[in-house]
Every structure is written in C-alpha cells, then in structure tokens.
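# Structural features, examined
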Amino acid sequence: MAESASVQHRRACHLCEAICGVIIETRDDQIVSIKGDPDDPLSRGHICPKAVALQDIHTDPDRLRKPVKRVRSAAGEFKHVTIEWDEALDLAADGLVNVIERFGVNAVAAYFGNPAVHNYGLLTHQNALFRHIRTNNRYSATSVDQLPHHLVSLWLFGHKLLFPIPDIDRSQYFLMLGANPVASNGSIWTVPGVKQRLKDLVARGGQLVVIDPRRTETAELATSYFPIKPGTDAWLLLAILNTVFDEQRVNLGHLASLVDGLEQVAAAVAPFSPEQAAEQTGISADAIRSMARDMAAADGGICYGRMGVSTQRYGTLCQWAIQVINIVTGQLDREGGSLFTLPAVDQVAAASPGGFGRHQSRVRGLPEFDRELPVAALAEEITTPGDDQVRALFTAAGNPVLSTPEGHHLEQALEQLAFMVSLDPWINETTRHADVILPPTSPLEHDHYDLAFHVNAVRNTARYNPPVFERPEGALHDWEIFEALGARVAQRLGVTPKPSMPPHAMIDAGLQAGPYGTHTEQGLSLARLQAQPSGVDLGPLKPQLPGRLRTPNGRIDVAVGAVLADCERLLADTELATPGYRLIGRRHVRDCNSWMHNYRRLVKGKGRCTLMMHPGDAEREGLTTGDWVQVQSRVGAVDVELEITEAVAQGVVSLPHGYGHHRAGTQLNLAQQHAGVSCNDLTDTDYLDALSGNAALNGVLVQVQRAKSPTAVQQ
Ligand SMILES: Nc1nc2c(c(=O)[nH]1)N[C@H]1C(S)=C(S)[C@@H](COP(=O)(O)OP(=O)(O)OC[C@H]3O[C@@H](n4cnc5c(=O)[nH]c(N)nc54)[C@H](O)[C@@H]3O)O[C@H]1N2
Ligand SMILES: Nc1nc2c(c(=O)[nH]1)N[C@H]1C(S)=C(S)[C@@H](COP(=O)(O)OP(=O)(O)OC[C@H]3O[C@@H](n4cnc5c(=O)[nH]c(N)nc54)[C@H](O)[C@@H]3O)O[C@H]1N2
Ligand code: SF4
Ligand SMILES: [Mo]
C-alpha cells in the first residue's frame, strides 16, 4: 500500500505569550515533525523546546476524550467514571442551578486559569454561560499574576489593556526588574526569540540592567546585574524617581502638554532618597542614581518589570513607578522606548476598560477589579458560613490548588463544596475534586487566533490558523461547552438562551471593523488571513499618543491618590526587617506553570524542583547540596532537596511553582513520578499587595532546617 503524502500546517504555538509560528507536518492522523516557521513575521522561525510537546498534548493518553463524573466506590474512595455528553451537561446544569435556586447566584464561584487566555474560544464565549450566572464571586489567575499592570493601565491610560510594550529592537538602555524572559519567553511583552533580541541590544552597544534576587539566565546576558532584597523594588523605583526630580532630569518630550500631577508625585517620592533605598534594597546609591541618569539620557530607554515585581507586597506601587519613570524620562510612546500596540482585532476598542473596588469580597473586604475578586479570598469564601457563602465552583483551564497561595487549604475547602464542575482536559490536582469534568477538544483540533497576545506584541501582526486535525465525533470545543451548558442553565432558570456566533465569525467581524479592516488599504478579513497562514505583517509599533489614551479627559494624571497613599504605607512598613529567609519563585524553559509535567521530553533529566540556597547560608546552616530540608512558612511546610548555588543572593531561597503532583486521585501518570512539592503550600493568603489584593508570591518569610526524615527520592 502506498504511503499517504504528508501535509504542512502553519500554526501558532499557544503554550506561552511568545505565540511562535510553527510548521506542523502530519501524515494521516500522525504528527511527523514540528518546526519553527521562518515566514512568521513576528517569530521569524524561533521556537523553544516546548513547541515539540504540542504533539504530546494531542496524543497524551491521560487527556480526557469524554466527560467523567466522580463517584464514591464501595470502599469509600472516589473514582472517575466516563459518561456521555448529555448526561454530563445535565449533571453540570442541575448542580449549578440547584445551588443558585437554594442559595442565590453569588453562591456559585468561577475560576478561570491561564490557558483560557491562550485559547480564544474560552475568551469569547464565557458569557454564553455567565450571562445567566452573574455572580460577584469570579476569580482568575490574574490575581496571582498581572493584576497590578491592569490597574496601573486603567489609572494612567484609561484602559486595563493599554500596556506600554518595550520596543526592544530599537532600544539602547533596558532596565529590567523581576523578569526572566530568557526562561519565560516574555510576559505582557510578546517577544518571540527574546534571547537573541537582548543579545542584539548589547551587541549594538546598548545596556541591559537586570534587577533580580537570583542571577537568572537573563541576568547572564546583562551588562550590569544587581541582586536585590526581595520585596524592596518599590524603594528602588521611588528612589529613581526621586533622583529624576531632584536632579531636574524630567523631560516629558512630546507628552509635555498631556501629563498632570507631577508636583504631587515629586512630593510623594521626596522621602525615598537613593541612600535610604540603598539600605533597603542592597543596591548602592550610586548605582541607583546611574539608573535614573541613564534612563533620562538614553536614546530609547525602557523600564520594565514583571512577575517578580507584580507579585510582591507593593506590586501596584512598583508597576505605577515603572510607568511614571518611563513617562518622566520621555521614554513612553517613542521608538526604542515603550509603545502601545495597534492590534488587528482591537481589544482596547472592544473590551470594557475595567473598574476597581465596585464591590468587595464578603469575608475580608478585598476589592474587585474588572468584576473579579482576588483569588486569595476563594478558600475563605467557601469555608466561612453566612449569606452568599460559596457552595458551588466552576473552573475552566485552571489549577488553583497548585497555583494560588495556600493551595493546600483551598484543596481542603473544595471538599466542602456542594457541587463543582470543571471545563478541563485533565484530571489534575484541582479538577479531581469536581463532580463532573467537561473536556474540550485538543488544541490542534480547533482553530486559533491570538486575541490576547497581539495586544502585547513588539510588532503589529495578525495570524489565523484553522485546525490541524478534525475533531473526533461528538467532541466539543471549549466555546461549544459554554454554549451547551449555558443553554441548559438558561432553560432551567426559565430564560431564553441567546445563541452567539462562533469565535471565528467574531474575529472576522473584529478584523473587518478594526484598524486594518476592509475600509483600509490592508483590507483585513478572515479570508485575507487564511490566504497568508504564516501571518500578515502590519509594521513596527508607532507613537500613538494622545489618540490612543482612553482616560475620560484624554490626559495622563500620574498623581493616583491610592498609589500616593501607598508610598506612606511603604515608609511605615517594618515587615521587611523581620529576619529570616525570603522565598522567591523561578521558571524553567521546559516548565509551563503546573501543567506540562506529563511529557517525558520536558521532565527528563535532573529533577528541577529543588530549593536553591546561597553557599554562605548553607554553610551557616550546616547543609550541603542534595540534603533534604524542611521549608516552613506561617501557613505550611514542605520537604525538598537542597541545591546550593551562588546564583541566589544571601538570605534568599528559590523554589519553582507548579509542582506538587503527588496528590492522589489525579490522572497525570508521568507527572506523578516527577511530583516535586508545591511552593504554594508555603505562600500565604494574608500576604498580599494591599492595594490590589494581588498575591505576594515572592518575598515570603520562611525558615529552613534539615528535614526530619531525609527522603531518598523526590516525592
Ligand atoms: N508561587 C507561585 N505561584 C504562581 C506563580 C508563580 O510565579 N509563583 N505564577 C502564577 C501565574 S503567572 C499564573 S498565570 C498561574 C497559573 O495558574 P492556573 O491558570 O491556575 O494554572 P495552570 O498551571 O496554568 O493550569 C491550567 C490548567 O488548564 C488546563 N488546560 C490546559 N489547556 C487547556 C485548554 O485548552 N482548555 C481547557 N479548558 N483547559 C486547559 C490544564 O489542565 C491545566 O492544568 O500560576 C500562578 N502561580
Ligand atoms: N518556561 C516557562 N515559561 C513561562 C511560564 C512557565 O511557567 N514556564 N509561565 C508563563 C506565565 S503564566 C507568566 S506570567 C510568565 C512570567 O514571566 P516572567 O515574569 O519573565 O518570569 P519569572 O520567571 O516568573 O520571572 C520573575 C523573576 O522575578 C524574580 N524575583 C522574585 N522576587 C523578586 C523581587 O522581589 N524583586 C525582583 N526584582 N525580582 C524578583 C525571580 O527571581 C524571577 O527571575 O512566564 C510565562 N512563560
Ligand atoms: S517560546 Fe516556546 S512555548 Fe512559547 S510560544 Fe514559542 S515555542 Fe511555544
Ligand atoms: Mo501568568
């Protein structure tokens, strides 16, 4: 029999924010190879080792192809039983409606995880279900991540999605805090092949200054690297502002007539002298002054900070200070500085700008943002009796047991729920608690458009990919599950469901009406994109102010009251002086939050879930590499193998997140053999950025001692 011919599919890798173009070669229903797409105008052929694992997701025997329900066995243990779609959707609708009818709509909580942003049907169709469940108890991974960025964008620029994007390819000076793009491939900054772009910056004589408590893979490329005491970046940033004002280096450039509130900001940062900041941060006053001078003098300068500064106790203050530094040094909205994008489907035009503090969480009074509450409040909302106590939970594409603070306590809380349903392809550490799991098609079985990440990209491009494989008979896409479940919930509540158009039709409409739409020279439509499957180049980022601003008065007011008040909180803060080790996280290029440990090509080799400690600290504690240590915080303890390295600063210990797969009852067979421990069994739901409610996952105070019973193999 003759072999069938192979077919090449142009596609996006949806695993991280770099959205690299790939070429997937298939023969019949098999994947023959996955390579970078050199014709992709954004990624230009770059991929990382995770791209090849797209095939592992598709073929993963542990990936659910049919819904399952959880039943108690004769021995009293839970097991999962495969069921048909009709039964599953009825069970899910009955479970949710039952709780709504008995306890009201706020008794249903929802949690959306990170992959929801990488899978556009999960973004476009949530409302098909949630227009019938208008609960105040919405949560997502945003509040263990980028919440401060949204808040600052709302306050300064008038829209939660107006992020200034580092224009790296034309920059001469880059001050980077709390980010490790060489491992993460960039975040709130879609910049495929970032390592080469950073090397190019240095090669053309530019400076890359990295501030991080760990000498990361990115710090290795830097022209200067400064270790910082975790959680003290706000001091550093405010001292940079202090210097810019003190030395009269304010130069607003073309924003001069647009910016209000400079005097109040100058007054607020006056107490933060470089000398005092040096004491707090461990970075010398001279170095801090140089950062201010270099930013102000650079012909294209960028100040950028990510996870390490967002998820600490002054996350919002840090992100505000970063943007104010960009503004007062004249580096915002200019080439080589930070620029706003103009994506083909313009989410800034389509999505609500966001709002803050319009309601609070019931138990602790934490503020909502964009109709979501901080996820640090979820467990207490389930366990604390009273009106509006959470009794049912819907999760989609999330694993909060491993990814949110005090995950071990959330895990216990989940067992108190009257009902839980998960939209997820796996029985993971969270979904194993669900009464019903509704699995969507594999990523390669549905079409793809990057609704979220074109908004953050270093170049304006657009790309649409049809599915690589036909879906199996009966299988439903994520968005179709929202539609089907929404219709059933509506019917039970006695309201008429509104069918919506499929995601690709929404994209077509968005493209046609967008800034490069049918009324323009580019004439973009879905058909146009389909004719260019590697993507359409729409050119480099350009200055767009004031036109792009969405503030009510069309101006930028840097004197945000809540932020200026937070400067006072920082001045009075004594927490950072408490002695003890400070725990920080870390990412590895072959990890993907909590969910890609089930693939041999990504987990092979030496175990990566180790606690890093400085040799000086280890010597004082009498510990050596390979020892098992117990790490203890206010809320929990884990036993983990020690790795001694000069990469972490003294007084700092580092543990990656997303491990802890030993939990019984999951169905992630290989991941369980590479279980590791969850660093979110140490992070603390009381340890927050008080301004936003975002979790402070970095800087957590811990004790480290030799483990009581040294474990020979990693759990
Ligand atoms: N200590 C500490 N904690 C952290 C972090 C940290 O740096 N340190 N990082 C935080 C950050 S930035 C984030 S974004 C969060 C992530 O936290 P989460 O979003 O809660 O968790 P993920 O690990 O991304 O897992 C998402 C789940 O989605 C499912 N999934 C994958 N693809 C699909 C799909 O196409 N459809 C559906 N329906 N489901 C899918 C998988 O089962 C996977 O387990 O973790 C946060 N937690
Ligand atoms: N390979 C891989 N790539 C990923 C992910 C993944 O899990 N694995 N996750 C994706 C997701 S969801 C996100 S949000 C992005 C995150 O993308 P990044 O923010 O670039 O990634 P991190 O590695 O979390 O970088 C945070 C850095 O902050 C440092 N840090 C910790 N505490 C402090 C502090 O107090 N001050 C300063 N200055 N630095 C501090 C840490 O040492 C670390 O190097 O990555 C995405 N890409
Ligand atoms: S950097 Fe890696 S994981 Fe991220 S999109 Fe590119 S290939 Fe995929
Ligand atoms: Mo994230």
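What counts, and at which threshold
- Once a new chain begins, its residue numbering starts again from 1 and follows that chain's sequence as written.
- Chains and ligands are labelled sequentially in the order written, the chains with letters from A and the ligands with numbers from 1.
- Local features are withheld for residues below a pLDDT of 70 in this predicted model, meaning they are given only at 70 or higher, and side-chain atom pairs are given and counted only at 80 or more; totals for whole chains, interfaces and linings count all residues.
- Side-chain numbers here rest on the full set of heavy atoms in the structure, without hydrogens or water.
- Secondary structure elements are defined from DSSP: runs of H or I of at least 4 residues count as helices, runs of E of at least 2 residues count as strands, and each element is numbered from the N terminus.
- Here the globule rule reads 2.2 Å times residues to the power 0.38, and the radius of gyration is calculated from C-alpha atoms.
- Note on exposure labels: buried denotes an accessible area under 20% of the residue type's maximum, exposed denotes more than 50%, and partly exposed covers the range between, all computed with a 1.4 Å probe on protein chains only.
- Working rule for contacts: check all heavy atoms of both residues, and any pair within 4.5 Å makes them a contact.
- In this description, accessible areas are obtained by the Shrake-Rupley approach with a 1.4 Å probe, and a residue is regarded as covered only by the protein chains that are shown.
- As used throughout, the charge tally considers Lys and Arg to be positive and Asp and Glu to be negative, leaving His and the chain termini uncounted.
- Throughout, a charge is located at the NZ atom of Lys, the CZ atom of Arg, the CG atom of Asp or the CD atom of Glu.
- Nearness is defined per residue: one heavy atom within 4 Å of the molecule or strand is enough.
- In the analysis that follows, any N or O atom pair within 3.5 Å is treated as a polar contact, provided that within protein one partner can donate a hydrogen and the other can accept it, and provided that, for residues neighboring in sequence, both atoms belong to side chains.
- The nonpolar class holds Ala, Val, Leu, Ile, Met, Phe, Trp, Tyr, Cys and Pro. Asp, Glu, Lys and Arg form the charged class, and all remaining residues, Gly among them, are polar.
- The aromatic pairing rule takes the rings of Phe, Tyr and Trp, using the six-membered ring of Trp, and pairs them if the centres are within 6.5 Å, calling planes under 30 degrees apart stacked, those over 60 edge-to-face and the rest tilted.
- Geometrically, a lysine NZ or arginine CZ counts as sitting over a ring once it is within 6 Å of the ring centre and also within 35 degrees of the ring normal.
- To estimate how far a helix should extend, the number of its residues minus one is multiplied by 1.5 Å.
- Axis definition: a line fitted to C-alpha atoms, over the contacting stretch in the case of helices. Angles run 0 to 180 degrees between N-to-C directions.
- Convention used here: angles under 35 degrees read as roughly parallel, angles over 145 as roughly antiparallel, angles from 65 to 115 as roughly perpendicular, and any remaining angle as oblique.
- Left-handed is the label given to a crossing in which the near helix is rotated counterclockwise from the far helix by less than a right angle, and right-handed is the label when the rotation is clockwise.
- Space inside and on the surface of the protein is sampled on a 1 Å grid over the protein atoms alone, with a cavity defined as a set of points where a 1.4 Å probe fits but cannot get out and a pocket as an open set with protein on both sides within 12 Å along at least 5 of 7 lines; lining residues have an atom within 4 Å of a point.
- Grid points are joined across faces, edges and corners, and a volume is the space filled by probe spheres set on the points.
- The arc in question is traced by the directions running from the helix axis to the C-beta atoms.
- Residues enter a nonpolar core if they are buried and are Ala, Val, Leu, Ile, Met, Phe, Trp, Tyr or Cys, with the set joined through side-chain atoms within 4.5 Å.
- Note on pairing: DSSP must find at least two bridges between two strands before they are called paired.
- An automatic or database domain assignment supplies the residue ranges for each domain.
- What gets called buried area is simply the loss in accessible area from a 1.4 Å probe that two parts show on being joined, summed for both.
- By definition, a salt bridge exists where a carboxyl oxygen of Asp or Glu is found within 4 Å of a side-chain nitrogen of Lys or Arg.

Turning our eyes to something else, we now look at the overall build of the chain. Of the regular secondary structure elements, the chain holds 24 helices and 30 strands. Taken over C-alpha atoms, the radius of gyration comes to 25 Å for the chain, in line with the 27 Å a tight globule of 715 residues would show. Once the C-alpha set of the chain is aligned to its principal axes, its extents read approximately 70 × 70 × 60 Å. By residue count, 63% of the 715 residues in the chain fall in the buried class. For the chain, the proportion of contacts with a sequence separation of at least 24, taken over those separated by at least 6, is 73%. About 25700 Å² of surface is accessible on the chain, with carbon and sulfur atoms providing 49% of the total. Here the chain contributes 64 positive and 80 negative side-chain charges, whose respective centroids are spaced 2 Å apart.

The next point concerns the site of ligand 2. Every one of the 30 residues lining ligand 2 counts as a neighbour, but Asp 212, Asp 233, Arg 587, Asp 591 and Asn 593 are closest to it. Contact distances for ligand 2 include 3.1 Å between a nitrogen atom and a side-chain N or O atom of Lys 50. Elements supplying a minimum of two residues to the shell around ligand 2: helix H6 (181–184) and helix H12 (307–310). Top contributing element to the shell around ligand 2 by residue count: H6, with three residues. Counted by class, the shell around ligand 2 contains 11 nonpolar, 12 polar and seven charged residues.

Each aromatic ring pair is specified by the distance between its two centres and by the angle formed by the two planes. The tally for this structure, following the rule as stated, stands at 12 aromatic pairs. A centroid spacing of 5.0 Å and a plane angle of 55° characterise the contact between Trp 189 and Tyr 304, whose relative ring orientation is tilted. Of this pair, Trp 189 sits in the loop between H6 and helix H7 (194–203) while Tyr 304 sits in strand E13 (residues 301–305), placing them 115 residues apart in sequence. For the residue pair Trp 189 and Tyr 304, the accessibility class agrees, reading buried in each case. Site record: aromatic cluster; members linked through ring pairs are Phe 112, Phe 130, Phe 394 and Phe 482. Against the face of Phe 130 rests Arg 138, its NZ or CZ located 5.2 Å from the ring centre. Its end group placed over the ring of Phe 103, Arg 391 keeps NZ or CZ at 4.0 Å from the ring centre.

This part takes up helix H11 (residues 285–297). Helix length check: H11, at 13 residues, gives a terminal C-alpha distance of 18 Å against a target of 18 Å (1.5 Å per residue), a fit within 8%. Turning to H11, its buried residues number three or more, namely Ala 285, Ala 287, Ile 288, Arg 289, Met 291, Ala 292 and Met 295.

Interhelical geometry of helix H2 (residues 85–103) versus helix H18 (residues 478–493) gives an angle of 50° and a closest axis separation of 9 Å. Compared by their axis directions, H2 and H18 come out oblique. Pair H2 / H18 crosses with right-handed handedness. Facing Trp 85, Asp 86, Leu 89, Asp 90, Ala 92, Ala 93, Asp 94, Leu 96, Val 97, Ile 100 and Glu 101 of H2, the residues of H18 in contact are Ile 481, Ala 484, Leu 485, Arg 488, Val 489, Arg 492 and Leu 493.

As a further point, take empty space enclosed by the protein. This model, assessed by the stated rule, comprises eight cavities of 30 Å³ or more. When its volume is computed, the second largest cavity comes out at roughly 140 Å³. Contributing to the lining of the second largest cavity are 15 residues, with His 149, Pro 164, Gly 305, Gln 319 and Gln 323 lying nearest its centre. Mapped by element, the contributors of at least two residues to the lining of the second largest cavity are helix H5 (147–157), E13 and helix H13 (315–328).

So, about helix H21 (residues 561–572). The terminal C-alpha atoms of H21 lie 17 Å apart, and with 12 residues this matches the ideal 16 Å at 1.5 Å per residue to within 8%. Of all the positions in H21, only Val 563, Leu 564, Asp 566, Cys 567 and Leu 570 are classed as buried. With its buried residues spanning 150° around the axis, H21 presents them on a single face. Turned more than 90 degrees from where H21 packs its buried face, Gly 561, Glu 568 and Ala 572 sit exposed.

In terms of nonpolar packing, the biggest core is built from 94 residues, with Trp 189, Leu 238, Leu 241, Met 291, Trp 320 and Ile 556 touching the most fellow members. In terms of residue count, helix H8 (residues 233–246) provides more of this core than any other element does, 10 residues in total. The contacts of Ile 556, once residues within four sequence positions are left out, are Leu 156, Phe 157, Leu 258, Val 259, Asp 260, Ile 327, Leu 332, Leu 545 and Leu 549. Ala 93, Ala 116, Leu 423 and Val 436 belong to the second-largest nonpolar core, a separate cluster that totals 35 residues.

Turning our attention to the sheet that holds strand E27 (residues 628–632). Read once around its circumference, the closed barrel built from six strands follows the order E25-E29-E26-E28-E27-E30, with strand pairing classed as mixed. Taken over all neighbouring pairs, the strand axes of this sheet differ in orientation by 45° on average, direction set aside. In terms of strand pairing, strand E25 (residues 581–584) meets strand E30 (residues 700–706) through three bridges, oriented antiparallel. When the bridges of E30 are listed, Leu 583 appears paired with Val 700.

Moving on, we come to the domain arrangement of the chain. Partitioning the chain into structural domains gives domain 1 (7–59), domain 2 (68–144 + 347–537), domain 3 (162–341 + 546–566) and domain 4 (574–706). Averaged C-alpha coordinates put domain 1 and domain 3 at centres separated by 34 Å. Across the contact, 11 residues belong to domain 1 and 10 residues belong to domain 3. Between domain 1 and domain 3, roughly 780 Å² of surface is buried when both sides are summed, and carbon and sulfur atoms account for 50% of that area. For the pair domain 1 and domain 3, the interface holds zero salt bridges. Looking at the side of domain 1 that touches domain 3 residue by residue, the class counts come to six nonpolar, two polar and three charged.

This next bit is on the site of ligand 3. Around ligand 3 sit Cys 13, Leu 15, Cys 16, Ala 18, Ile 19, Cys 20, Ile 47, Cys 48, Lys 50, Ala 51 and Asn 185, and those are all the residues in its vicinity. The residue inventory of the shell around ligand 3, partitioned by class, reads nine nonpolar, one polar and one charged.

Right, let's get into the pattern of salt bridges. Counted by the stated rule, this structure contains 43 salt bridges. Across the pair Arg 463 and Asp 450 runs a salt bridge, and its minimum N-O distance is 3.3 Å. Linking Arg 463 in the loop between strand E21 (459–462) and strand E22 (464–465) with Asp 450 in the loop between strand E20 (448–449) and E21, this pair joins segments that are 13 residues apart in sequence. For the pair formed by Arg 463 and Asp 450, the shared burial category is buried. We note a salt bridge from Asp 591 to Arg 608, for which the minimum N-O separation is 2.8 Å. Residue Asp 591 is found in the loop between E25 and helix H22 (600–603), and its partner Arg 608 is found in the loop between H22 and strand E26 (611–613); the two are separated by 17 residues along the sequence. What makes Asp 591 buried here is its relative accessible area of 11%. Judged by its relative accessible area of 12%, Arg 608 falls in the buried class. What emerges from the salt-bridge pattern is a single network uniting Asp 86, Asp 90, Asp 94, Arg 488 and Arg 492.

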